[in-house]
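Read off the chains here:
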There are 4 protein chains.
Amino acid sequence: MSGNSIGQVFKLTTFGESHGPFIGGVIDGCPSGLKLDFDAIQHDLDRRKPGQSKVTTARKESDIVEFVSGIYDGHTTGTPIGFLIKNKDAKSKDYGDLENVFRPSHADYTYHQKYGNRDHRGGGRSSARETANRVIAGAIAKQILAYYKIDVIAYVCAVGNIACNVDKEMSNESLRAVVESNIVRCPDEATAVKMISFIEDIKKNGDSVGGQVFCTISGAPAGLGAPVYDRLHADLGKAMLSINAVKGFEYGSGFEGTKMLGSQHNDEFVTEKGSLHTKSNHSGGIQGGISNGEDIYFKVAFKPVATILSSQNTVNEAGDNVVLKAKGRHDPCVVPRAVPIVEAMAALVILDHLLLNRTVKL
Amino acid sequence: MSGNSIGQVFKLTTFGESHGPFIGGVIDGCPSGLKLDFDAIQHDLDRRKPGQSKVTTARKESDIVEFVSGIYDGHTTGTPIGFLIKNKDAKSKDYGDLENVFRPSHADYTYHQKYGNRDHRGGGRSSARETANRVIAGAIAKQILAYYKIDVIAYVCAVGNIACNVDKEMSNESLRAVVESNIVRCPDEATAVKMISFIEDIKKNGDSVGGQVFCTISGAPAGLGAPVYDRLHADLGKAMLSINAVKGFEYGSGFEGTKMLGSQHNDEFVTEKGSLHTKSNHSGGIQGGISNGEDIYFKVAFKPVATILSSQNTVNEAGDNVVLKAKGRHDPCVVPRAVPIVEAMAALVILDHLLLNRTVKL
Amino acid sequence: MSGNSIGQVFKLTTFGESHGPFIGGVIDGCPSGLKLDFDAIQHDLDRRKPGQSKVTTARKESDIVEFVSGIYDGHTTGTPIGFLIKNKDAKSKDYGDLENVFRPSHADYTYHQKYGNRDHRGGGRSSARETANRVIAGAIAKQILAYYKIDVIAYVCAVGNIACNVDKEMSNESLRAVVESNIVRCPDEATAVKMISFIEDIKKNGDSVGGQVFCTISGAPAGLGAPVYDRLHADLGKAMLSINAVKGFEYGSGFEGTKMLGSQHNDEFVTEKGSLHTKSNHSGGIQGGISNGEDIYFKVAFKPVATILSSQNTVNEAGDNVVLKAKGRHDPCVVPRAVPIVEAMAALVILDHLLLNRTVKL
Amino acid sequence: MSGNSIGQVFKLTTFGESHGPFIGGVIDGCPSGLKLDFDAIQHDLDRRKPGQSKVTTARKESDIVEFVSGIYDGHTTGTPIGFLIKNKDAKSKDYGDLENVFRPSHADYTYHQKYGNRDHRGGGRSSARETANRVIAGAIAKQILAYYKIDVIAYVCAVGNIACNVDKEMSNESLRAVVESNIVRCPDEATAVKMISFIEDIKKNGDSVGGQVFCTISGAPAGLGAPVYDRLHADLGKAMLSINAVKGFEYGSGFEGTKMLGSQHNDEFVTEKGSLHTKSNHSGGIQGGISNGEDIYFKVAFKPVATILSSQNTVNEAGDNVVLKAKGRHDPCVVPRAVPIVEAMAALVILDHLLLNRTVKL
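Our subject in this report is the structure included herewith. (Residues numbered from 1 in each chain as written. Chains lettered and ligands numbered in written order. Predicted model: local features only at pLDDT ≥ 70, side-chain atom pairs only at ≥ 80, totals over all residues. Heavy atoms only, no water.)

## Side note on the relation of the copies chain A and chain D
Superposition of chain A onto chain D requires a rotation of 180 degrees combined with a translation of 0.0 Å along the rotation axis, giving an RMSD of 0.0 Å. One copy is carried onto the other by what is essentially a two-fold rotation axis. Looking at chain A, 100% of its interface residues are interface residues in chain D too, so the copies touch through the same face. (Least-squares fit on C-alpha atoms with pLDDT ≥ 70 in both. Contact = heavy atoms within 4.5 Å.)

Here it is, written out as structure tokens:
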């Protein structure tokens, strides 16, 4: 109800502000009996953490997760998994000047209108720092999906106007290797170089730029999702739209598909070696809200982040028109760090539907 | 859980298949004391119903709603509103040939995989006929929103490659008048003519085409939504993605916004006549997941519908490769009929958040 | 949220007032593939319906259920099961005098305070007529439980001060036969005669009396329930307390168990023929909120119904002290008719936990 | 779904095992703007904590709560309140002998059957240690209720066969003073002495005994609750039945009420000084599932706890019949410590319905 939980069977609830002592979460409904790979969890956290490269914010957080329940002898027990991350580099004083000013395109004003108060130390609950919790829960979900041979992989497909081409024949292993080989997480090396150079320029100007993340889920069985409100892509869409800075979501043919004719767009079925497939995949692996066994794929749009270091006109809490000149650290382009977050949210949704689907037949 | 409900406080649950005796729904959580305008409800149903013009399917349904509970003396009582629509023109025999064939890009195969059975009479629960229920609930939600001076208006902004321009200064009343004056529900008369002509051509060929619907919510107060998972736009996105044939959702600057710099994209605050506003509205009326009092706007992508009248290769339940030649009726372009559905889903989400927001402060 | 649904996976939502055209419901999450026994459903409805014997109300309702969705060729499809019951003998004029009077110990006053309106035609949504819906959903749940060899059986164990003894060795079949052989549904013939005679006396005086219903669930596997909030007995308790006129719930040793010592109360485990059992069953088949494989049993307390035919002091809507002399029909003792309702609610809870339990392990 | 949350608007989710590093919880939906009295929270924790008197277990826990989010400058912010309690005196070795033995009437066996694993260090998630979290959330809920002039007070009304009389005319302040003046929390001094003496005898024998807790909620407005599934007393009942060792719940006239006639049981309405009241209160302040403005009261039955220090026959994980002789600490009678838990759960339910009730009218 109050919007700090996601999922039905595999359910994540999070808490914590960007400048409090801890952020953390509770995973309820994790199946018992999974041997956890803690290094893999930390690896995903490291892929998200600030300060990891020259194209991200300089805020330094070691982002070490501490599990406090739900795990015994390295295995999940079926009881709620509680976890904590200590906030270390919370420079609250950087925000001192902002105490009474509503930063443009931030959540300051709306948060204040909703709750009648505001945490001036950096966005409070609206900070993208909350997404570290999602990465932890998502990393556990990915391990369960891997047990069922389902793989989730995301990458940056565009930064500003610079978009990449991807070799569709690449295996997930090769794709993952090249994506993680460059700091923008783009699977096309030549484009990656251009993106990095562009972000560095933007950063020098104290400006920011948006981008897009592409995600593929392979190995999902047919039958996940539901025909009406809880369509698989509707839940994926909500999960993605709940990530900070996201402005759009499309799956399969997406917005381009609206320009096609049905005779071009329809995915013909074919039986090959006793197994049914579709020749094309404009459906994005989902038909009528339910997975069909083909690759599920979608794209997520991220706006340029609102923190920029140039002067901006705005209003303070007293209602006066004022000029804001932000100081401190900023993240010129969040999409490289968003990659593990998109993967995490995708894994949460797919796992939730995988578990839900166990209840459908007699 | 099983995905036939939407909303938390104002909650719609629906039932019924396209070829059963009735479809219907239950609205739980409708506030008591609203005098209902039944004509307005029927008007929205008429805007959605099949057979309304030469650019829609020829299926004829009178789509008269019967309310069976929750209303006394013309007013809502606070108890669940149950309602029914009789299915009249369910030509089940049109589907006889399809009994064992999976229609390309329909839900036949996925539905069969999920439930282990299939309603061969026209999509069963996957049929867009279910959306008539949404229009009823949405029409009631719109009346409550109107009581609070909140207005929801949608229109067709693109059919295939034909996109329209809209005069931004038009009042909602004028906009509504022009939108309803043509059968494609496009607010630009000249473009509407082109769209209609294009759809007629498509229809002759037994083909279909996609399109886009634009929606604006004006008058919503600041404070609706939540900062983490239940962001206002995430719930709007899920609601839209749950409509049949939808492939994408974007709000505010959307996918185009990913190409902008933060210095271009940020919406500066300004105080005018004692009231705070933003100069631009790339945020789409939502910042940090919470409404800021500006117009909320978004765009929804609809694929070309899967029913086309040409021959297609496909597979039957036995796994044989077969050729399908569909007969019967088809809808060459659903977006004109989707307009009231988009409005309905938007109204459901906004009203739900409006009611939820009453619980936030002491 | 608004309280007209029960269950998580197998979820019933109901609608309809006692004097509207229909009551009805939607079952979402019913597993697909069950061949329904419609006679069994009607049989349970008949066990609940008014006018079935001289010890119940004279209101006559045929209570024929019409299913409108979710069933195809006699089998459940996995989609929502919508159903309707027509209200026939709704003598609204009997209630004319009551229009402005709050009947003592009825829901008139509280309903009016909550919703700001009131359906004067007989309790509206507060009427026990709503429970017919529960019996339908429960009858379907019982059929699924029977498929898994789980049996639910209830009977009247007390009317006023008259309590019965039950032969603990009786099979469920024998127990069911004797319970249904008399109009108070008491498994002890001699006591049944006394109960009937007592109720007839009470009825002559226009008075009412309470009673208790005992229920046993046999064949449930170990593992249903959860260790914290959703304990199996907590969900059973809530379900029973949601039935009209219920004032208390106890399971296993119940209130008497509070007087015992741990050394008397503990149920020792023993292995017999390779299978683990408990020697005694003070636990009522549930330990730590989770079923242990023994019989689950509990008792439900029903107050005397509030409608009596003598003069009572009360207050009208204007706040005046007035005297109320009820006319019309009344139910001197509801417990015989409550038996199928208790069974239905028990079946809903057990089935919901049975389905939920499928998601617990890897 | 997985049963570690309670509440709809004001929602508590807990995590943590009795022998892990921490237990803790998240409160989602706490209204913003409440100045917290931290001493009052700690006071309730102290009333629940082990080792507080000679009639409770000797386990020593300082039970200091650490809040990590949702509070700023001493006030609630509207964001989730995360909190932790460190486990200090977790003598895991006391449980070494029990590793393979199912303790009679404990959750060992059922937990093992459900999850396929077991935390041998003291019950894991099934331990009543979890209830410390409830007391924290309940203490916050009580402060919000106090703001609205609603008061919750509970006490021990029976230990084994020893029941107490209470002076009905006592003010809540006087009642609270006398309840807290003795270590069994009984409001009748003379009875308290007998109870203490009885528990001391029981303790010497390594045995345990059950008891009953009585709770009153005064000041609740008319209108809380709902007429069908989410009746106020049904939610109170579920909350109470979710407390460890609870076997029964009754409100108002309860099980005794089943023996009364309607003419005796009905609560006549009367207007006094312009305000409506009932002369008697067999309804327990709730009619048709909705509060009527009178005192809400109910009784909760606690069984004797299962840990006793005498020899018991049981079975081990291998299925062998064995004899168990427990060592270590035990709690001869939990009801004195259960008093703040009952109050907490009552406060959670009442507050949740108070917030829900804000959404009911236009």
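Text resumes after the structure shown.
## Some details on the interface of chain A and chain D
Each partner contributes residues to the interface: chain A has 38 residues there, and chain D has 38 residues. Taking both partners together, chain A and chain D bury about 3000 Å²; carbon and sulfur atoms supply 58% of that area. At the junction of chain A and chain D, the tally comes to 0 salt bridges. Taken together, chain A and chain D are joined by 11 residue pairs in polar contact (both at pLDDT 80 or more). Among the elements that line the side of chain A that touches chain D, the one with the most residues is strand S2 (residues 11–15) of chain A, at 4 residues. A class-by-class count of the residues in the side of chain A that touches chain D yields 12 nonpolar, 18 polar and 8 charged. (Buried area = accessible area lost by both parts, 1.4 Å probe. Salt bridge = Lys/Arg side-chain N within 4 Å of Asp/Glu carboxyl O. Polar contact = N/O pair within 3.5 Å; in protein donor to acceptor, adjacent residues only side chain to side chain. Helix = DSSP H or I, 4+ residues; strand = E, 2+ residues; numbered from the N terminus. Nonpolar A, V, L, I, M, F, W, Y, C, P; charged D, E, K, R; others polar.)

## Notes on the nonpolar core
Grouped together as the largest cluster of nonpolar side chains are 176 residues, with contacts concentrated most on Leu236, Phe298 and Phe302 of chain C together with Leu236, Phe298 and Phe302 of chain D. Filtering out sequence-adjacent residues up to four positions away, Leu236 of chain D remains in contact with Ile217, Phe249, Ile286, Ile296, Phe298, Ala346, Val349 and Ile350 of chain D. One finds Leu34, Val156 and Ala234 of chain A together with Ile140 of chain B within the second-largest nonpolar core, a separate group that totals 174 residues. (Core = buried A, V, L, I, M, F, W, Y, C linked by side-chain atoms within 4.5 Å. Buried < 20%, exposed > 50% of the residue type's maximum accessible area, 1.4 Å probe, protein only.)

## Some words on the pairing of strand S7 (residues 81–86) of chain A
All names here are of chain A. By the criterion of burial, S7 is predominantly enclosed, with 5 of the 6 residues buried. Where strand S3 (residues 22–28) meets S7, 6 bridges bridge the pair, whose relative direction is antiparallel. Opposite Gly25, over in S7, you have Phe83 as the bridge partner. Summarising the sheet, strand S4 (residues 65–67) and S7 pair through 3 bridges and their orientation is antiparallel. Bridging across to S7, Glu66 finds its partner in Leu84. (Pairing = 2+ DSSP bridges.)

## Things to note about the environment of Phe214 of chain D
Residues and elements named next belong to chain D. Relative to the elements of secondary structure, Phe214 occurs in strand S11 (residues 211–218). A C-alpha to C-alpha distance of 32 Å links Phe214 and Gly78, two positions 136 residues apart in sequence. Not counting residues up to four positions away in its chain, the partners in contact with Phe214 are Ile153, Ala154, Tyr155, Cys157, Tyr297, Phe298 and Lys299.

## Here we look at the packing of helix H3 (residues 131–147) of chain D against helix H9 (residues 335–356) of chain D
Residues and elements named next belong to chain D. At a minimum axis separation of 7 Å, H3 and H9 run at an interaxial angle of 50 degrees. The orientation of H3 relative to H9 falls into the category oblique. In this structure, H3 meets H9 at a crossing whose hand is left-handed. In this structure, H3 uses Thr131, Arg134, Val135, Ala137, Gly138, Ala141, Lys142, Ile144 and Leu145 to contact H9, whose residues at the interface are Pro340, Ile341, Glu343, Ala344, Met345, Ala347, Leu348, Ile350, Leu351 and Leu354. Class assignment for the residues of the contact of H3 with H9 results in 14 nonpolar, 2 polar and 3 charged. (Axes fitted to C-alpha atoms, helices over the stretch in contact; angles between N-to-C directions. Parallel < 35°, antiparallel > 145°, perpendicular 65-115°, else oblique. Left-handed = near helix turned anticlockwise from the far one by under 90°.)

## A closer look at the sheet that holds S3 of chain A
Pairing between the strands of a sheet is mediated by backbone hydrogen bonds and can be parallel or antiparallel. Residues and elements named next belong to chain A. Read from one edge of the open sheet, 5 strands run S1-S2-S3-S7-S4, paired in antiparallel fashion. Bordering the open sheet on either side are strand S1 (5–6) and S4, each of which pairs with just one other strand. Here helix H3 (residues 131–147) sits on the sheet and contacts S2, S3, S4 and S7; the angle it forms with S3, its principal contact strand, is near 35 degrees.

## Here we look at the packing of aromatic side chains
Tallied over the full model, the rule gives 42 aromatic pairs over all chains. Between Phe102 of chain C and Phe269 of chain D, the ring centres sit 6.4 Å apart and the planes meet at 65 degrees, which makes this aromatic pair edge-to-face. With Phe102 of chain C in strand S8 (residues 101–102) and Phe269 of chain D in strand S13 (residues 269–272), this pair bridges two chains. Owing to a relative accessible area of 1%, Phe269 of chain D belongs among the buried residues under this scheme. An aromatic cluster is defined as three or more aromatic residues linked by ring pairs; in this entry it consists of Phe38, Phe67 and Phe83 of chain A. Between the NZ or CZ atom of Lys247 of chain B and the centre of the ring of Tyr251 of chain A, over which it lies, the distance is 4.0 Å. (Phe/Tyr/Trp six-rings, centres within 6.5 Å; stacked < 30°, edge-to-face > 60°. Lys NZ or Arg CZ within 6 Å of the ring centre and 35° of its normal.)

## Thoughts on the interface of chain B and chain A
Listed by partner, the interface residues are 109 residues for chain B and 109 residues for chain A. For the pair chain B and chain A, the summed buried area comes to about 8600 Å², and 57% of that belongs to carbon and sulfur atoms. Counting across the interface, chain B meets chain A through 4 salt bridges. With a closest N to O distance of 2.7 Å, Lys238 of chain B and Asp230 of chain A form a salt bridge. The interface formed by chain B and chain A holds 53 residue pairs in polar contact (both at pLDDT 80 or more) in total. Residue composition of the side of chain B that touches chain A, grouped by class: 43 nonpolar, 47 polar and 19 charged.

## A closer look at the sheet that holds strand S8 (residues 101–102) of chain A
Residue and element names in this part refer to chain A. Here 3 strands make up an open sheet; going across it, the order is S8-S18-S19 and the pairing antiparallel. Strands with a single pairing partner mark the edges of an open sheet, and in this sheet they are S8 and strand S19 (321–325). Looking at chain direction, strand S18 (residues 311–316) and S19 are connected through 5 bridges and run antiparallel. Within the sheet, the bridge partner assigned to Gln312 lies in S19 and is Leu324.

## Brief notes about the state of the cysteines
Summed over the entire model, instances satisfying the criterion amount to 0 disulfides over all chains. Of the cysteine sulfurs around Cys30 of chain C, a residue in no disulfide, the closest is that of Cys215 of chain C, at 20 Å. (Disulfide = S-S within 2.5 Å.)

## Considering the pairing of strand S13 (residues 269–272) of chain C
Residues and elements named next belong to chain C. As judged from the 4 bridges shared by S13 and strand S14 (residues 275–278), these two strands associate in the antiparallel manner. Residue pairing in the sheet places Val270 in a bridge with His277 of S14. Hairpin geometry of S13 and S14 is characterised by an intervening segment of 2 residues between the two adjacent antiparallel strands and by a positive phi of about 50 degrees at Lys273.

## Focus on the environment of Gly29 of chain A
Tracing the backbone through its elements, the reader meets Gly29 of chain A in the loop between S3 and helix H1 (38–48). Residue classification places Gly29 of chain A among the buried residues on the basis of a relative accessible area of 7%. Each C-alpha atom, one on Gly29 of chain A and one on Gly7 of chain A, is 9.5 Å from the other, the two residues being 22 residues apart in sequence. Apart from the residues lying within four places of it in its own chain, the contact partners of Gly29 of chain A are Val9, Phe10 and Leu355 of chain A together with Ser2 of chain D.

## Description of H9 of chain D
The α-helix advances 3.6 residues per turn, and as a result positions three or four apart in sequence lie on the same side. Compared with an ideal rise of 1.5 Å per residue, which puts 22 residues at 32 Å, H9 of chain D spans 31 Å between its outermost C-alpha atoms and is within 8% of the ideal. Within H9 of chain D, 22 of the 22 residues are buried, leaving the element largely enclosed by the surrounding structure. (Expected span 1.5 Å × (residues − 1).)

## Here we look at the pattern of salt bridges
Summed over the entire model, instances satisfying the criterion amount to 76 salt bridges over all chains. Put simply, Glu200 of chain B and Lys54 of chain B hold a salt bridge, and the shortest N to O gap is 3.3 Å. On the criterion of sequence distance, the pair formed by Glu200 of chain B in helix H5 (residues 189–204) and Lys54 of chain B in the loop between helix H1 (38–48) and strand S4 (65–67) is long-range, its members being 146 residues apart. The class of Glu200 of chain B is partly exposed, set by a relative accessible area of 27%. Looking at Lys54 of chain B, the relative accessible area reads 48%, which means it is partly exposed. Salt bridges sharing common partners tie together Asp44, Arg47, Lys142, Glu180, Arg185 and Glu343 of chain A.

## Details of the side chain of Asn172 of chain C
Residue and element names in this part refer to chain C. The topology assignment puts Asn172 in helix H4 (residues 172–180). There is a polar contact of 2.6 Å between the side chain of Asn172 and the side chain of Asp151. The contacts of Asn172, once residues within four sequence positions are left out, are Asp151, Ile153 and Ser218.

## Some thoughts on the environment of Gly74 of chain D
Assignment of secondary structure puts Gly74 of chain D in the loop between strand S5 (71–72) and strand S6 (75–76). Residues contacting Gly74 of chain D, with those up to four places away along its chain left out, are Leu34, Lys35, Leu36 and Phe38 of chain D.

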